[in-house]
Amino acid sequence: GIRGVTVSDVRGLGAQGGALERHAGSEFSEDKFVTKIKMEIVVSADQVELVIDTVLEEARTGEIGDGKIFVIPVADVIRVRTGERGLQAERMVGGRADILSSTT
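Residues numbered from 1 in each chain as written. Predicted model: local features only at pLDDT ≥ 70, side-chain atom pairs only at ≥ 80, totals over all residues. Heavy atoms only, no water.

A. Molecular detail of the layout of surface pockets. Here the largest pocket defines a volume of roughly 2000 Å³. If you go around the largest pocket, you meet 50 residues; those closest to its centre are M39, E40, I41, I69 and F70. Within the residue set of the lining of the largest pocket, elements represented by two or more residues are β1 (6-12), β4 (34-40), α1 (48-59) and α2 (87-90). Along the lines of polarity and charge, the residues of the lining of the largest pocket split into 30 nonpolar, eleven polar and nine charged. (1 Å grid on protein atoms, 1.4 Å probe; cavity = no way out; pocket = protein on both sides within 12 Å on 5 of 7 lines; lining within 4 Å. Points joined across faces, edges and corners; volume = space filled by probe spheres on them. Helix = DSSP H or I, 4+ residues; strand = E, 2+ residues; numbered from the N terminus. Nonpolar A, V, L, I, M, F, W, Y, C, P; charged D, E, K, R; others polar.)

Rendered as structure tokens:
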């Protein structure tokens, strides 16, 4: 029931601290940022726990670097093309659901 996901290649710095190298007894790093993948998934309130459970089940390896999930409320949705707001803007007319329902 998720209508869309945005996946971005990003770099970040957190508890891992990035990878340091040693040279002549000194630690250095040209770039302490770690390559990561960021997923953004916007869902309705009743889908939040199911999406969290699914991500935990599919993404957890038990190793450092598995990532974090941040749950942030979305105040509003505005479709730039039409100016629609709220549920009207969220509705993806012509999206996959519409294509599949028109073929059945």
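B. Region of interest: the pattern of salt bridges. Following the criterion strictly, the structure yields two salt bridges and no others. Between R85 and D76 there is a salt bridge, with its nearest N and O atoms 2.6 Å apart. Judged by its relative accessible area of 34%, D76 is partly exposed. We note a salt bridge from R79 to E84, for which the minimum N-O separation is 3.0 Å. (Salt bridge = Lys/Arg side-chain N within 4 Å of Asp/Glu carboxyl O. Buried < 20%, exposed > 50% of the residue type's maximum accessible area, 1.4 Å probe, protein only.)

C. The arrangement of a nonpolar patch on the surface in detail. A cluster of nonpolar residues, I2, V5, V7, I37 and M39, forms a patch on the protein surface that exposes about 470 Å² of accessible area. Relative to the helices and strands, I37 is located in strand β4. (Patch = residues over 30% accessible without salt bridge, like charges linked within 9 Å, V, L, I, M, F, W, Y side chains within 5 Å. Areas by Shrake-Rupley, 256 points an atom, 1.4 Å probe, with all protein chains shown as cover.)

D. View of a negative patch on the surface. On the surface, E49, D53, E57 and E58 cluster together to form a negatively charged patch. With respect to the helices, strands and loops of the structure, D53 is situated in helix α1. Take D53: its relative accessible area is 45%, and that puts it in the partly exposed class. (Lys, Arg positive; Asp, Glu negative; His and termini not counted. Charge placed at Lys NZ, Arg CZ, Asp CG, Glu CD.)

E. Inspection of the environment of V43 at higher detail. For V43, the location among the structural elements is in the loop between β4 and α1. Contact partners of V43, with chain neighbours within four places excluded, come to I2, V48 and V51. (Contact = heavy atoms within 4.5 Å.)

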